[in-house]
Amino acid sequence: MPRVLSIAGTDPSGGAGIQADLKSIAATGGYGMAAVTALVAQNTHGVRSVHTPPADFLRQQLEAVSDDVVIDAVKIGMLGTAEVTQTVTGWLAEVRPPVVVLDPVMVATSGDRLLSTGAEKALRQLLHRVDLVTPNLPELAVLLHEDPAQTWDQALDQGRRLAGTYSTAVLVKGGHLTGDAAPDALVVPDGGGGFAVTEVSSVRVATKNTHGTGCSLSAAMATLFARTGNWVRTLTAAKAWLQETLETADLLDVGTGHGPVNHFHGVWERGLAPLPGPAAVPGGFLPTVGSEEPGAEGPGPVSTSAAPGGSPAPAGGWTAALWKETAGLRSRIDELDFVRGLGDGSLPQESFGFYLTQDAIYLRGYARAMARASELAPRLQEQVFWAAGARNALEAELDLHRNWLGPAGGTGVEQVLSVPAGTDVAAAGPVTRGYLEHLLARDRYAEDRIEYARLVGAVLPCFWVYAEVGARLQRLNHTAHPHREWLDTYADPGFAAATEQAVAILETVLAGDVAERRAAQEAFTGSVQWEHDFFAAGTLP
Ligand SMILES: Nc1ncnc2c1ncn2[C@@H]1O[C@H](COP(=O)(O)OP(=O)(O)OP(=O)(O)O)[C@@H](O)[C@H]1O
Ligand SMILES: Cc1ncc(COP(=O)(O)O)c(N)n1
């Protein structure tokens, strides 16, 4: 866990400054430390007064930390005066921490000045010693002695000029622009006079509770860079995290002015997932977008690899949390008479027939759910994926009739096939009917994106739980097994690959906004329960 030091001012109301930094560092997976530059009497409405302790005392704080603790990253926020700024510059020159991120705090959201004009020159000196500077648009202009950018293109030009002048990476932040988007861009000098510019944009959240976003973002950047060693991955991860803190900011009830962001909402919602391996970032924040930076991750979801159990692994923090949440219920599936009987070969033939009949009916409805998901999918890739899923489910259903449920099987499926079109659920048992109603409950949500999220969550367990149960059953298979051929169908690599893709889509949906996430989570857990019940019903012909 990276040890991250914030050097900044205080906010006793907890939304900005050191208090925000420590929350950000913890939320993004670091150990937070703090040296105070200034004590600020402020709240969500503004700054009342500032008390700056002697610079020598700041130096003592910094040395107390660096004499004892290995520092993996530093975030610098409010400095206030030239003397304080020079003290920090001097300490950095001696200690040389591996990563230094500077948020050049000049003016608070409330409009109050937090840096004396006499300190601007000292701040420019400090710029030579930092790896990343994260100015908002007015700060960018002051650092360049120019007027503030009015457009995003002008802001990017200024970012390039600042990066070139100080040979440092610049994070240009578009929070002060208007419009539906909140764009940010990393501008990194390439050493040959050019720049690698990577833009990461998010949807602007309609909230007045944005106090401390700049502090929180820069602290998250320092922490995540210490974890990933890659600025593009860091920004993508930090933005995704910041977005959820903004989306859920209104759930907090802190002050009556510009309130703080909700630093821990996502972490608490997902639960404390174990830390991922090297070069990874906390759950759910891994980039799923492309970038211009050479060597950075290409487009596409995080890699999914087969879990030791043989079923696909979660695609990120969101799916990991959901998978973990349903672990108890899934483990009970293995204990069911039907699953035990299928595994050890003791399952009565009529139970098997009943199960296959229900499966065929189920697949018809399941195909409809995926066809609807294809209709609603916002991205072409997903549209294609669900359409293919619908087709495969129908083909599997045909195959069941052709190869398993023919007259010789004597399971009564002919009756199912002969019912008039549109009423094919008539022969469904109560569980099959209930499961299909759950899958196809389409009119409960007005917005397409919510219905899509719900559908993705609802159809997923049939992929994922089935793959998991199937992988275990397949291991019990042998040449003399009475259900050998059926168990072989579980070993289809195409199905495993499709399951991985489906899990990756679910991860993307869960990383959407809160309403989408809720819809998908609820539908997913509901379907896991139905999967359990479906297997349980297998012994009730
Ligand atoms: N309403 C919003 N919705 C989504 N993202 C936002 C919103 N407002 C700001 N951001 C993002 O928050 C980060 C901080 O941006 P901003 O340009 O406001 O910096 P700042 O002025 O230093 O922040 P602060 O509000 O702490 O002073 C950026 O990543 C920006 O894109
Ligand atoms: C100690 C301190 N540091 C930074 C800010 C800027 O944050 P914001 O612009 O959101 O008020 C602040 N208000 N206080």
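Scoring rules and cut-offs
- Residues numbered from 1 in each chain as written.
- Chains lettered and ligands numbered in written order.
- Predicted model: local features only at pLDDT ≥ 70, side-chain atom pairs only at ≥ 80, totals over all residues.
- UniProt positions renumbered as here; feature names shortened; annotations may be inferred.
- Near = placed C-beta within 6 Å.
- Helix = DSSP H or I, 4+ residues; strand = E, 2+ residues; numbered from the N terminus.
- Nonpolar A, V, L, I, M, F, W, Y, C, P; charged D, E, K, R; others polar.
- pLDDT = per-residue confidence, 0-100.
- Contact = placed C-beta atoms within 7 Å.
- Expected span 1.5 Å × (residues − 1).
- Buried ≥ 20, exposed ≤ 12 C-beta atoms within 10 Å, placed from the backbone.
- Arc of directions from axis to C-beta.
- Pairing = 2+ DSSP bridges.
- Right-handed = clockwise from strand over helix to strand, strands pointing away.
- Axes fitted to C-alpha atoms, helices over the stretch in contact; angles between N-to-C directions.
- Parallel < 35°, antiparallel > 145°, perpendicular 65-115°, else oblique.
- Left-handed = near helix turned anticlockwise from the far one by under 90°.
- Core = buried A, V, L, I, M, F, W, Y, C linked by C-beta atoms within 7 Å.
- Domains from an automatic or database assignment.

Looking up the protein in an unreviewed UniProt entry gives the name Bifunctional hydroxymethylpyrimidine kinase/phosphomethylpyrimidine kinase, with the organism given as Arthrobacter pullicola. As stated in UniProt under Function (unreviewed entry), the record for the protein gives "Catalyzes the phosphorylation of hydroxymethylpyrimidine phosphate (HMP-P) to HMP-PP, and of HMP to HMP-P."

A word on the site of ligand 2
Residues in contact with ligand 2 amount to 18 residues; listed here are only the nearest, Gly-9, Ala-16, Gly-17, Ala-108 and Thr-109. Among the elements of the structure, strand E3 (39–42) and helix H7 (213–228) are those that each provide at least two residues to the shell around ligand 2. Of the residues belonging to the shell around ligand 2, the class tally is eight nonpolar, nine polar and one charged.

A word on the confidence of the model for the protein
With 86% of its residues at a pLDDT of at least 70, the protein reaches an overall mean of 84. For the stretch residues 273–309, pLDDT sits under 50, and the model shows 78 contacts to residues farther than four places along the chain or on other chains. Low pLDDT, under 50, characterises residues 407–425; the stretch is placed with 28 contacts to residues that sit more than four places away or in other chains.

A look at helix H6 (residues 152–166)
Between its first and last C-alpha, H6 extends 21 Å over 15 residues, near the 21 Å set by a 1.5 Å rise per residue. Inspection of H6 places Ala-155, Leu-156, Gln-158, Gly-159, Leu-162 and Ala-163 among the buried residues, and these make up the whole buried set. When H6 is viewed along its axis, its buried side chains cluster within an angular range of 160° and face the same direction. Tucked into the core, H6 has its buried residues touching helix H5 (137–144), strand E8 (169–173), strand E9 (181–189) and strand E10 (195–203).

Quick word on the site of ligand 1
The environment of ligand 1 is formed by 19 residues, the closest being Asn-136, Lys-173, Gly-175, Ala-182 and Gly-214. Elements with a minimum of two residues in the shell around ligand 1: E9, H7 and helix H8 (231–247). Broken down by element, the shell around ligand 1 gets its largest block of residues, four residues, from H7. Looking at the shell around ligand 1, its residues break down into six nonpolar, 10 polar and three charged.

A short note on the pairing of E9
For a regular strand, side chains alternate in direction, first toward one face of the sheet and then toward the other. In this structure, E8 lies alongside E9, joined through four bridges in antiparallel fashion. By the bridge assignment, Val-170 is partnered in E9 with Val-187. Summarising the sheet, E9 and E10 pair through nine bridges and their orientation is antiparallel. Considered in E10, the bridge of Ala-185 is made with Glu-199. Hairpin remark: E9 followed by E10, antiparallel, with five residues in the connecting loop; positive phi at Gly-191, about 85°.

A few points about the pairing of strand E2 (residues 31–36)
When strand E1 (residues 3–8) meets E2, the two strands line up parallel, connected through six bridges. Each residue of the ladder has a partner; that of Ile-7, found in E2, is Ala-35. Viewed along the sheet, the connection from E1 through helix H1 (residues 17–27) into E2 turns out right-handed.

Focus: the sheet that holds strand E7 (residues 132–133)
Ordered in space as E2-E1-E5-E6-E7-E8-E9-E10, the eight strands form an open sheet in which the pairing is mixed. Looking along the sheet, the strands with just one partner apiece sit at the ends: E2 and E10.

Focus on the packing of H5 against H6
The geometry of H5 relative to H6 is characterised by a closest axis approach of 10 Å and an angle of 45° between their N-to-C directions. Looking at the two axes, H5 sits oblique to H6. Crossing of H5 over H6 shows left-handed handedness. Contacts between H5 and H6 involve Leu-137, Leu-140, Ala-141, Leu-143 and Leu-144 from the former and Ala-155, Gln-158, Gly-159, Arg-161 and Leu-162 from the latter.

Looking at the nonpolar core
Met-221, Ala-222, Ala-373, Val-456 and Val-459 are the most contacted members of the largest nonpolar core, which has 147 residues in total. With 13 residues, helix H17 (residues 448–475) is the largest single contributor of residues to this core. When residues are assigned to domains, this core turns out to be shared by domain 1 (3–270) and domain 2 (317–537), each giving three or more. Excluding its chain neighbours within four sequence positions, the residues that come into contact with Ala-373 are Trp-386, Tyr-452, Leu-455, Val-456 and Val-459.

Section: unusual backbone geometry
Phi angles above zero are rare outside glycine, and His-145 is one such case at about 60°. Mapped onto the elements, His-145 comes out in the loop between H5 and H6. Positive phi, close to 50°, is recorded for Ser-167, a residue that is not glycine. Mapped onto the elements, Ser-167 comes out in the loop between H6 and E8.

Concerning the packing of helix H16 (residues 430–439) against helix H20 (residues 514–537)
Axis separation between H16 and H20 bottoms out at 9 Å; the angle between their running directions is 165°. The pairing of H16 with H20 is recorded here as roughly antiparallel in orientation. In this structure, H16 meets H20 at a crossing whose hand is left-handed. Contacts from Val-431, Gly-434, Tyr-435 and His-438 in H16 reach Gly-526, Ser-527, Trp-530, Asp-533, Phe-534 and Ala-537 in H20. The residue inventory of the contact of H16 with H20, partitioned by class, reads five nonpolar, four polar and one charged.

Regarding H16
Since the α-helix packs 3.6 residues into each turn, any two residues three or four apart lie on the same face. Within the span of H16, buried status applies to Thr-432, Tyr-435, Leu-436 and Leu-439. Down the axis of H16, the buried set is contained in an arc of 95°. They therefore lie on one face. On its buried face, H16 is in contact with helix H13 (349–376), H17 and H20.

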